[in-house]
Amino acid sequence: QVQLAESGGGLVQAGGSLRLSCAASGRTFSVYAMGWFRQAPGKEREFVAGISKSGGSTYYADSVKGRFTISRDNAKNTVYLQMNALKPEDTAVYYCAADRSLYGESVYRSPVRYDYWGQGTQVTVSS
């Protein structure tokens, strides 16, 4: 099992930047593929970005491509989401998620494929 804890959310003006972190418990972080999702009020949870166990493959939603960057540091048991050029429509609760068996981009995009979730961190972008 792995426990996940997000941090780094907050209030930022449009055009600004935030970096989210997701710290994982345990010693086997490198066996988990990771994903970031977000959920705005009244909307379904949606895929934002995913990263393979080694960090060699990354995937992004079209809405964030070119603005967000996912990365991981397996020595620190942490995955990051660098968010630049933020827009009001990026406002949501952001969740990190982990799973040991994710293969293929379409799988990374599906929230039901992840076994472990953090509690979320609020990101609010003002216009």
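Model, not experiment: these values are computed from the prediction. (Residues numbered from 1 in each chain as written. Predicted model: local features only at pLDDT ≥ 70, side-chain atom pairs only at ≥ 80, totals over all residues. Heavy atoms only, no water.)

Overview of the state of the cysteines
Argument step 1. Counted under the stated rule, the structure contains one disulfide.
Argument step 2. Note on cysteine connectivity: Cys-22 is disulfide-linked to Cys-96, with sulfurs 2.0 Å apart. Residues Cys-22 and Cys-96 share a disulfide whose torsion about the S-S bond is about 55°; that sign makes it right-handed. Of this pair, Cys-22 sits in strand E3 (residues 18–24) while Cys-96 sits in strand E9 (residues 92–99), and the two are 74 residues apart along the sequence. Residue Cys-22 shares its accessibility class with Cys-96, and that shared class is buried. (Disulfide = S-S within 2.5 Å. Helix = DSSP H or I, 4+ residues; strand = E, 2+ residues; numbered from the N terminus. Buried < 20%, exposed > 50% of the residue type's maximum accessible area, 1.4 Å probe, protein only.)

Let's talk about the nonpolar core
Argument step 1. In terms of nonpolar packing, the biggest core is built from 39 residues, with Met-34, Trp-36, Leu-81, Met-83 and Tyr-94 touching the most fellow members.
Argument step 2. For this core, the leading source of residues is E9, giving five residues. (Core = buried A, V, L, I, M, F, W, Y, C linked by side-chain atoms within 4.5 Å.)

What about the sheet that holds strand E8 (residues 78–83)?
Backbone-to-backbone hydrogen bonds join strands into a sheet, with any given pair of strands oriented parallel or antiparallel.
Argument step 1. Across the sheet, which stays open at both edges, the four strands sit in the order E1-E3-E8-E7 with antiparallel pairing between neighbours. Pairing within the sheet leaves two strands with one partner each, and these edge strands are strand E1 (4–7) and strand E7 (68–73). In this sheet, neighbouring strand axes are inclined to one another by 15° on average, regardless of whether the strands run parallel or antiparallel. (Pairing = 2+ DSSP bridges. Axes fitted to C-alpha atoms, helices over the stretch in contact; angles between N-to-C directions.)

A few points about unusual backbone geometry
Argument step 1. You will see that Asn-77, though not glycine, has its phi angle at about 55°, which is positive.
Argument step 2. Mapped onto the fold, Asn-77 is located in the loop between E7 and E8.
Argument step 3. In the Ramachandran plot, Ala-85 falls in the positive-phi region, its phi being about 50° despite a non-glycine side chain.
Argument step 4. Relative to the helices and strands, Ala-85 resides in the loop between E8 and E9.
Argument step 5. Relative accessible area serves as the criterion here: at 37%, Ala-85 is assigned to the partly exposed category.

Description of the pattern of salt bridges
Argument step 1. Under the counting rule described, the total for this entry stands at five salt bridges.
Argument step 2. As a salt-bridge pair, Glu-46 and Arg-38 come within 2.6 Å of each other at their nearest N and O atoms.
Argument step 3. For Asp-90, the salt bridge identified is with Arg-38, shortest N-O distance 2.9 Å. Of this pair, Asp-90 sits in the loop between E8 and E9 while Arg-38 sits in strand E4 (residues 33–39), placing them 52 residues apart in sequence.
Argument step 4. In this structure Arg-38 comes out as buried when scored by relative accessible area, which is 5%.
Argument step 5. A cluster of three or more residues bridged by salt bridges with shared partners is formed by Arg-38, Glu-46, Arg-67 and Asp-90. (Salt bridge = Lys/Arg side-chain N within 4 Å of Asp/Glu carboxyl O.)

Observations regarding the packing of aromatic side chains
When we look at a pair of aromatic rings, we describe it by the centre distance and by the angle of the planes.
Argument step 1. On inspection of all chains with the given rule, the structure shows seven aromatic pairs.
Argument step 2. Here the aromatic residues Phe-37, Phe-47, Tyr-95, Tyr-114 and Trp-117 are joined through ring pairs into a cluster of three or more.
Argument step 3. Here the basic side chain of Arg-45 rests over the ring of Tyr-95, its NZ or CZ set 3.8 Å away from the ring centre.
Argument step 4. Its guanidinium or amino end placed over the ring of Phe-29, Arg-72 lies 4.4 Å from that ring's centre, counting from NZ or CZ. (Phe/Tyr/Trp six-rings, centres within 6.5 Å; stacked < 30°, edge-to-face > 60°. Lys NZ or Arg CZ within 6 Å of the ring centre and 35° of its normal.)

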